[in-house]
There are 2 protein chains.
Amino acid sequence: MVRVRDAAGVPATRDEAAGSMLSPARKPRRPRSSLNREVILDAALAIAEREGLDGLTFAALGAELGAHSTAVYRHYRDKDELVLELIDELRARSYGVHEPGPDWRADLRAIGGHIREHYLRYPRLAQAMSARSTRRTTEFANVEFALDALRRAGLGDEDAVLWLRLFGNYVRAMAAHEAAVRDLDPALKAKDHAGWQVDAAGLDAAAFPNVTRLATSMLPMDDPRIFDLGLELVLDAIEERGRVTRAAALR
Amino acid sequence: MVRVRDAAGVPATRDEAAGSMLSPARKPRRPRSSLNREVILDAALAIAEREGLDGLTFAALGAELGAHSTAVYRHYRDKDELVLELIDELRARSYGVHEPGPDWRADLRAIGGHIREHYLRYPRLAQAMSARSTRRTTEFANVEFALDALRRAGLGDEDAVLWLRLFGNYVRAMAAHEAAVRDLDPALKAKDHAGWQVDAAGLDAAAFPNVTRLATSMLPMDDPRIFDLGLELVLDAIEERGRVTRAAALR
DNA sequence: ACCTGAACACCGTTCAAGT
DNA sequence: ACCTGAACACCGTTCAAGT
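Residues numbered from 1 in each chain as written. Chains lettered and ligands numbered in written order. Predicted model: local features only at pLDDT ≥ 70, side-chain atom pairs only at ≥ 80, totals over all residues.

Visitor: Even after reading the chapter, I still don't get the overall build of chain A, so can you show me in this structure?
Guide: Helix and strand counts for chain A stand at ten helices and zero strands. The N-to-C order of helical and strand elements in chain A reads α-α-α-α-α-α-α-α-α-α. Every one of the 251 residues in chain A was classed for burial, and the buried ones make up 32%. A separation threshold of at least 6 residues defines the contact pool for chain A, and within that pool the share at least 24 residues apart is 69%. (Helix = DSSP H or I, 4+ residues; strand = E, 2+ residues; numbered from the N terminus. Buried ≥ 20, exposed ≤ 12 C-beta atoms within 10 Å, placed from the backbone. Contact = placed C-beta atoms within 7 Å.)

Following this line, the structure appears as structure tokens:
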């Protein structure tokens, strides 16, 4: 990341919307109990939406709230606690409640797609979202939804927890990976992709026959078709597992 | 991350192995051309091995080299350049050259497993390793190896680049995800897992029948069986694709 | 030409002091 | 009780000065 020494040579004005050229910038004190977790979370959301998670610093939070940057510490123990709550709030607003349809496959496909879109929208949060559990209502509702679909597919309890893990990890891992690639500095990304083709084409064709022949046909790392291609394989396997389970039950 | 104010109350001695109580710590200057990319990379590797990537700072690098922390800038443009080269060097030492065997499936399984083990060994680097391409010999050799296996499976060129992308992304994304979870602060991880069971068990059984019933059976996020379970699905799909292609060619 | 010293623009976090 | 000011322990990075 590049740090900026001075936004544009001109130092930023100290009191943006304050006015009052009279006294030497008497900074108004924040009213007594106007700060609470909800207000803070709203401000954090606005920043994340506007500038991405990288912009979410205590300094930016203070500016957004019109409060001192350290004032947040009275309401959140540390940044981790704030980020976890932010993740859950975003999730709740993004997918809301999923209503099961008649087709378990369509249900799993839908929730997988929603999670992917959500990660691609907040790539800076994707890593944390994919590896942490927030243990809030929205998360439990999603798990219930997926387990219900797996049961309808014909899986027993033991299979359901196993395939839920594969389905969930696949969706989170692949979506987080796609988001991470998409989020790379565009210049870097272009260099990675274009440079690959040039370097690959320059290799010894005898030692690298496939790479040299296919150098220009290689798909970009974040090709959007890949997610669905693999997801259908997982759904196929779940369907087959359900078939086997049902057949065994009849015998 | 928790910052330490003072390692143990006692300030670290300024010249550790120097000795010379006489003059006020005359710091020896680093010999003229003793610094180069190779020496720096060795030091970086030693630090990464010992303290993880978090410990790899310019300050630590300077201490390891017995040089000023900014001296590295003469040899690497920035930290990104250093890390990319480190990634490639680690990869070269870790898997070396893969020799194709008689069975393409075994070959793909082997390289996938090696990549996963490598990521789990350097979890702090896994994110960067999974999303960036280094465009060095080792990387091209791996791609050649995988493309060759896909050709032997019976895939045409167009299918080969498509399924290479799925195979590669699956391996990198799932391994990076597993590494990220494994790398979480153990206390956090235990809280996430144990807390989940407690919170889930406390839910309304009518609204969350599956979650409450299976709360204690849920698999940990980084269950080591999941990677192989999904990998075999990908390999199955490749095998089927090869079968179809061969059959079409006969007609 | 290569390395060092001193600074800079940021981070998260702590804690005594104000109101 | 709640917010502010001032500091701290780190980060990566720049650049003029030494040798």
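Visitor: Is there a simple way to explain the relation of the copies chain B and chain A in this structure?
Guide: Relating one copy of the chain to the other takes a rotation about an axis and a shift parallel to that axis. If you rotate chain B by 180 degrees and push it 0.0 Å along the axis, it lands on chain A with an RMSD of 0.1 Å. The transformation just described matches what one would write down for a two-fold rotation axis. Considering only C-alpha atoms, the part of chain B nearest the rotation axis is Ala173(B), at 2.6 Å. When the interface residues of chain B are mapped onto chain A, 100% of them again lie at the interface, so the same face is used by both copies. (Least-squares fit on C-alpha atoms with pLDDT ≥ 70 in both.)

Visitor: Even after reading the chapter, I still don't get the packing of helix 7 (residues 157–182) of chain A against helix 10 (residues 225–250) of chain B, so can you show me in this structure?
Guide: When two helices pack together, you describe them by how their axes are tilted relative to each other and by the distance separating the axes. For the pair helix 7 of chain A and helix 10 of chain B, interaxial distance at closest approach is 10 Å and the crossing angle is 80 degrees. Compared by their axis directions, helix 7 of chain A and helix 10 of chain B come out roughly perpendicular. Touching Arg165(A), Leu166(A), Asn169(A) and Tyr170(A) of helix 7 of chain A are Ile226(B), Leu229(B) and Gly230(B), all from helix 10 of chain B. Residues that form the contact of helix 7 of chain A with helix 10 of chain B fall into these classes: four nonpolar, two polar and one charged. (Axes fitted to C-alpha atoms, helices over the stretch in contact; angles between N-to-C directions. Parallel < 35°, antiparallel > 145°, perpendicular 65-115°, else oblique. Nonpolar A, V, L, I, M, F, W, Y, C, P; charged D, E, K, R; others polar.)

Visitor: Help me out: how do you make sense of helix 10 (residues 225–250) of chain A in this one?
Guide: Since there are 3.6 residues in each turn of an α-helix, residues three or four apart along the chain are aligned in direction. Look at helix 10 of chain A: 38 Å from first C-alpha to last across 26 residues, which is about the 38 Å you get at 1.5 Å a residue. All of the buried residues along helix 10 of chain A are Ile226(A), Phe227(A), Gly230(A), Val234(A), Leu235(A), Ile238(A) and Gly242(A). Summarising the contacts, the buried residues of helix 10 of chain A are in contact with helix 4 (104–121), helix 6 (137–152) and helix 7 of chain A together with helix 7 (157–182) and helix 10 of chain B. (Expected span 1.5 Å × (residues − 1).)

Visitor: Just checking my understanding: could you explain the interface of chain B and chain A for this structure?
Guide: Where the parts come together, the accessible area they lose is often given as the size of the interface. Listed by partner, the interface residues are 47 residues for chain B and 47 residues for chain A. Taken together, the elements giving at least two residues each to the side of chain B that touches chain A come down to helix 5 (123–131), helix 6 (137–152), helix 7, helix 8 (186–201), helix 9 (209–214) and helix 10 of chain B. For the side of chain B that touches chain A, the leading source of residues is helix 7 of chain B, giving 14 residues. Tallied by class, residues from the side of chain B that touches chain A come to 27 nonpolar, nine polar and eleven charged.

Visitor: Where do I start with the environment of Leu61(B) in this structure?
Guide: All names here are of chain B. The residue Leu 61 is located in helix 2 (residues 58–65) in this model. Taking the number of C-beta atoms within 10 Å as the measure of exposure, Leu 61 has 22 and is therefore buried. Considered as a pair, Leu 61 and Ala 110 are 49 residues apart in the sequence and their alpha carbons are 35 Å apart.

Visitor: In this structure, what is going on with the domain arrangement of chain A? I would like to understand it.
Guide: Domains assigned within chain A are domain 1 (22–77) and domain 2 (97–183 + 219–250). Computed over C-alpha atoms only, the centres of domain 1 of chain A and domain 2 of chain A are separated by 36 Å. (Domains from an automatic or database assignment.)

Visitor: Would you mind showing me how to read the packing of helix 4 (residues 104–121) of chain B against helix 7 of chain B here?
Guide: Residue and element names in this part refer to chain B. Contact pair helix 4 / helix 7: the axes reach a minimum separation of 9 Å and the direction vectors enclose 30 degrees. Relative to helix 7, the element helix 4 lies roughly parallel. Between helix 4 and helix 7 lies a crossing of right-handed hand. Where helix 4 approaches helix 7, its residues Leu 108, Gly 112, Ile 115, Arg 116, Tyr 119 and Leu 120 are matched on the opposing element by Phe 167, Val 171, Arg 172, Ala 175, Ala 176, Glu 178, Ala 179 and Arg 182. Residues that form the contact of helix 4 with helix 7 fall into these classes: nine nonpolar, one polar and four charged. (Left-handed = near helix turned anticlockwise from the far one by under 90°.)

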